[in-house]
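# Structural features, examined
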Amino acid sequence: MDAKLLEILVCPVCKGPLVYDKPRQELICRGDRLAFAIKDGIPVMLEGEARELDPTEDVPS
């Protein structure tokens, strides 16, 4: 994931910052507990396509 792109991307729901989870290829919003998939190097930033994080699931730093 390009570092400059990661700096400008925000959660489409709350406009908060995102955390890059490299092993899962996801961008995670801690506030909304949503994970947005990265497919073929392109983040899918649609709320309807996001995965809800399990309450016990750790969020990477």
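Located above this text is the structure these notes cover.
The paragraphs below set out a description of the structure included in this document. All of these numbers come straight from a predicted model, not from anything done at the bench.

Attention now moves to the overall build of the protein. Helix and strand counts for the protein come out as one helix and five strands. For the protein, the sequential pattern of α-helices and β-strands runs α-β-β-β-β-β. The principal-axis extents of the C-alpha atoms in the protein amount to approximately 30 × 25 × 20 Å. Burial status across the protein gives 31% buried among its 61 residues. Only carbon and sulfur atoms are counted for the fraction: they give 52% of the accessible area of the protein, which is about 4200 Å². For the protein, the distance from the average site of its 8 positive side-chain charges to the average site of its 12 negative ones is 4 Å.

Our focus in this paragraph is the side chain of Asp21. For Asp21, the location among the structural elements is in strand 1 (residues 19–21). Comment: no salt bridge for buried Asp21; closest opposite-charge side chain is Arg24, at 4.6 Å. If we ignore the near neighbours within four places in the chain, the residues touching Asp21 are Glu26, Ile28 and Pro60.

This structure, assessed with the given rule, holds zero disulfides. Free of any disulfide, Cys14 has its nearest neighbouring cysteine sulfur in Cys29, separated by 3.6 Å. Cys11 provides the cysteine sulfur closest to Cys29, a residue in no disulfide bond, and the two sulfurs are 3.6 Å apart.

Time to look at the pattern of salt bridges. Counted under the stated rule, the structure contains three salt bridges. The partner of Arg24 in a salt bridge is Glu57, with the nearest N and O atoms 2.6 Å apart. Of this pair, Arg24 sits in the loop between strand 1 and strand 2 (26–29) while Glu57 sits in the segment after strand 5 (51–52); the two residues are 33 residues apart in sequence, bridging distant segments of the chain. Residue Arg24 is classed as partly exposed on the basis of its relative accessible area, which comes to 47%. Put simply, Glu57 and Arg51 hold a salt bridge, and the shortest N to O gap is 3.1 Å. A network of salt bridges, in which partner residues are shared, links Arg24, Glu26, Arg51 and Glu57.

Analysis parameters
- Residues numbered from 1 in each chain as written.
- Predicted model: local features only at pLDDT ≥ 70, side-chain atom pairs only at ≥ 80, totals over all residues.
- Heavy atoms only, no water.
- Helix = DSSP H or I, 4+ residues; strand = E, 2+ residues; numbered from the N terminus.
- Buried < 20%, exposed > 50% of the residue type's maximum accessible area, 1.4 Å probe, protein only.
- Areas by Shrake-Rupley, 256 points an atom, 1.4 Å probe, with all protein chains shown as cover.
- Lys, Arg positive; Asp, Glu negative; His and termini not counted.
- Charge placed at Lys NZ, Arg CZ, Asp CG, Glu CD.
- Salt bridge = Lys/Arg side-chain N within 4 Å of Asp/Glu carboxyl O.
- Contact = heavy atoms within 4.5 Å.
- Disulfide = S-S within 2.5 Å.

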